[in-house]
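This is what each chain is made of:
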Amino acid sequence: MNQSPNQPPVAIIGAGIVGVSTAIWCQRAGLNTLLIDRAGPASGTSFGNAGVLASASVVPVTVPGLIAKAPRMVFDKTQPLFLNWSYLPTLMPWLTRYLSHCKPETVARIANALSPILSNSLEDHRALANGTGAEKYISPAEYVYVYNDRAHFESDRFGWQVRAQNGFTWTEYEGDAWHQQDPVFARSLNFAASVHNHGRISDPGCYVQQLARHFEDNGGKIVQATVDDLVGENGVVTGVRTTEETIPCSAAVIAAGAWSKPLLSRLGCDIPLEAERGYHIELYEPSAMPAMPSMIASGKFVMTPMDGRLRIAGMVEFGGLVAGANRAPIEFLKNYIHQVIPELKWTEMTEWLGHRPAPVDSVPVIGEAPAMKGAFMGFGHQHVGLTGGAKTGQLLAQLVSGQPVVIDMAPYSPLRFNK
Ligand SMILES: Cc1cc2nc3c(=O)[nH]c(=O)nc-3n(C[C@H](O)[C@H](O)[C@H](O)COP(=O)(O)OP(=O)(O)OC[C@H]3O[C@@H](n4cnc5c(N)ncnc54)[C@H](O)[C@@H]3O)c2cc1C
């Protein structure tokens, strides 16, 4: 896209990691760019995630065996899956399609689609943050999966095979070798697989806010407003309608995470998108922290060292976008703390609920709308949006500016659900 000086800006809706990365890459491509968020940068899910640049997380939640396990899990309060029962009728059509992906060949297809967006995440984030002041939040890391014992690890063999097929490598530690590696963990956790070449963000909210500040300092504009529709003429986008006004634009990018669906009504595609709710608790001034971001496999949550605090994040809860936080997932996390790190002490605890944007096939939607030229979509990164957000923003800026895109974009097509 060649933008003349008098042309309206590219409008990006949503200032989470995907929207902010898109804004920075559009700005670097020389485009006049406007970022719109109803509550300011990093006010959504990008604020409270576990901070892992989880390149190897190409394995979706929908693995073989889930259908047999899930009903028991939602009734068992010691399992990390929760359901707001009153939401079940609304959820059912999405859930049926979601569970249809629990087949080995479908998992392989999803992993192949996620890999180009996730696998170089440390470098992608370094490239995004370069010269922004946000570099200080990025560090190289291993991503450690902590198991009760080797048999427990072996029960996850399917996922590890998928990671290996996608080129990821890890070191296995057992017994004393593991406890010497990271002495913080309880002796009952006796096995770990440490995946190489990962990264972490020491404060995801501050990171995205610093990136947004850099965008503004370089002449980008940030507007706080709620967008409720796109406006077009003759099949081409011309504006973004907020609750207050219509803002003219030369292109628009919907990067509103789990809240993107209501903005798609004129775009010619119906994307089956749900919110996979997740939670974190943070322990300030902890007496001990794991050395690396650590996934506690039995509870399916991550413990990540952050600036001045330990963040414990995870859970999957189905309950939509409107209902407030529930106690059960928070209590689940709290009850686990001393099972994982005995004797841990802290001064203050905070709690947070977030909404992962989850398309029914666990593959993000990245591409131009079929029914409105110049309207683009970039959302649906489910559990790995921080990891893939940097790359996604770069891809979207290439699409918007008409630069060549070097990866095959077909897997992310918004049209794939129209069949
Ligand atoms: C507990 C938990 C742990 C996680 N851990 C990790 C992890 O370790 N690594 C990882 O890679 N991913 C992780 N994730 C997933 C990751 O956080 C998300 O995939 C990612 O943040 C999504 O980014 P986004 O930019 O698409 O959406 P968001 O960050 O949600 O941003 C969307 C923005 O759009 C704005 N918005 C919405 N509607 C409108 C509107 N109508 N008008 C204007 N603005 C609007 C919102 O205010 C929000 O700021 C985790 C998620 C959870 C819940």
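That block above? That's the structure.
Residues numbered from 1 in each chain as written. Predicted model: local features only at pLDDT ≥ 70, side-chain atom pairs only at ≥ 80, totals over all residues.

S.K.: Describe the overall build of the protein chain, naming the residues involved and giving the relevant values.
M.R.: Of the regular secondary structure elements, the protein chain holds 11 helices and 19 strands. Over its C-alpha atoms the protein chain spans a radius of gyration of 21 Å, differing by no more than 12% from the 22 Å that the globule rule assigns to 419 residues. Projecting the C-alpha coordinates of the protein chain onto the three principal axes gives extents of approximately 65 × 45 × 40 Å. Expressed as a percentage of the 419 residues in the protein chain, the buried residues total 49%. Long-range pairs, those at least 24 residues apart, make up 78% of the contacts in the protein chain with a sequence separation of at least 6. (Helix = DSSP H or I, 4+ residues; strand = E, 2+ residues; numbered from the N terminus. Rg over C-alpha atoms; globule rule 2.2 N^0.38 Å. Buried ≥ 20, exposed ≤ 12 C-beta atoms within 10 Å, placed from the backbone. Contact = placed C-beta atoms within 7 Å.)

S.K.: Any details on the sheet that holds strand 12 (residues 251-254)? Residues and values, ideally.
M.R.: Across the sheet, which stays open at both edges, the 6 strands sit in the order 8-2-1-12-19-18 with mixed pairing between neighbours. Each edge of the open sheet is held by one strand with a lone partner, namely strand 8 (221-224) and strand 18 (365-368). Going across the sheet, the axis of each strand differs from the next one's by a mean of 20°, ignoring polarity. Relative to strand 19 (residues 375-379), strand 18 runs antiparallel, the two being bridged by 4 bridges. Bridged to Val 365 within strand 19 is Phe 379. Contacting strand 1 (10-13), strand 12, strand 18 and strand 19, helix 11 (residues 385-401) runs over the sheet at an angle of about 170° to strand 19. (Pairing = 2+ DSSP bridges. Axes fitted to C-alpha atoms, helices over the stretch in contact; angles between N-to-C directions.)

S.K.: Explain helix 4 (residues 104-118) residue by residue, including any values.
M.R.: A rise of 1.5 Å per residue sets the reference length of helix 4, with its 15 residues, at 21 Å; its end C-alpha atoms lie 20 Å apart and thus fit the reference within 8%. Taken as a whole, helix 4 has its buried residues at Val 107, Ile 110, Ala 111, Ala 113, Leu 114, Ile 117 and Leu 118. In this structure, the buried side of helix 4 is in contact with helix 5 (121-129), helix 7 (157-165) and helix 11. (Expected span 1.5 Å × (residues − 1).)

S.K.: Hey, could you go over unusual backbone geometry for me, with residue numbers and the actual values?
M.R.: The phi torsion at Glu 285 lies on the positive side, around 45°, for a residue other than glycine. Take Glu 285: it is sitting in the loop between strand 13 (273-284) and strand 14 (294-296). Under the C-beta neighbour-count criterion, Glu 285 is labelled exposed, with 11 such atoms within 10 Å. With a phi close to 35°, Gln 382 is a non-glycine residue in the positive phi region. Structurally, Gln 382 is set in the loop between strand 19 and helix 11. Its 23 C-beta neighbours within 10 Å are what place Gln 382 among the buried residues.

S.K.: Run through the site of the ligand, naming residues and quoting values.
M.R.: Close contacts around the ligand come from 44 residues, with Gly 16, Gly 44, Gly 257, Gly 278 and Gly 385 the closest. In terms of residue class, the shell around the ligand is built from 21 nonpolar, 20 polar and 3 charged. (Near = placed C-beta within 6 Å. Nonpolar A, V, L, I, M, F, W, Y, C, P; charged D, E, K, R; others polar.)

S.K.: Give a description of the packing of helix 5 against helix 11 that names residues and reports values.
M.R.: One can describe the packing of helix 5 onto helix 11 by two numbers: an axis separation of 8 Å at closest approach and a directional angle of 55°. Judged on the interaxial angle alone, helix 11 and helix 5 are oblique. In this structure, the crossing between helix 5 and helix 11 has a hand that is left-handed. Where helix 5 approaches helix 11, its residues Ser 121, Asp 124, His 125 and Leu 128 are matched on the opposing element by Thr 387, Gly 388, Ala 390, Lys 391 and Gly 393. Counted by class, the contact of helix 5 with helix 11 contains 2 nonpolar, 5 polar and 2 charged residues. (Parallel < 35°, antiparallel > 145°, perpendicular 65-115°, else oblique. Left-handed = near helix turned anticlockwise from the far one by under 90°.)

S.K.: Can you break down the nonpolar core residue by residue, with the values?
M.R.: Of all hydrophobic cores here, the largest spans 121 residues; its most connected members are Ile 12, Ile 13, Val 20, Val 146, Ala 252 and Val 400. Residue contacts for Ile 13: discarding those within four places in its chain leaves Ile 36, Val 227, Val 240, Ala 252, Val 253, Ile 254, Ala 255, Ala 256 and Leu 263. (Core = buried A, V, L, I, M, F, W, Y, C linked by C-beta atoms within 7 Å.)

S.K.: I'd like a description of the sheet that holds strand 9 (residues 227-233), backed by residues and values.
M.R.: Strand order in this open sheet of 3 strands is 9-10-11, and the pairing throughout is antiparallel. Whereas interior strands pair on both sides, the edge strands pair on one side only; in this sheet they are strand 9 and strand 11 (246-248). Neighbour-to-neighbour, the strand axes of this sheet turn through a mean angle of 30°, independent of strand direction. Bridge count for strand 9 against strand 10 (residues 236-242) is 6 bridges, and the pairing is antiparallel. Pairing of Val 231 across the sheet is with Gly 239, part of strand 10.

S.K.: Requested: an account of the packing of helix 1 (residues 17-28) against helix 9 (residues 204-217), with residues and values cited.
M.R.: Geometry of a packed helix pair, given as the angle between the helix axes and the separation of the axes. Taken N-terminus to C-terminus, the directions of helix 1 and helix 9 make an angle of 30°; their axes are 10 Å apart at the nearest point. Looking at the two axes, helix 1 sits roughly parallel to helix 9. The chirality of how helix 1 crosses helix 9 is left-handed. Contacts between helix 1 and helix 9 involve Ile 17, Val 20, Ala 23, Ile 24 and Gln 27 from the first element and Val 208, Leu 211, Ala 212 and Phe 215 from the second. For the contact of helix 1 with helix 9, the per-class residue count stands at 8 nonpolar, 1 polar and no charged.

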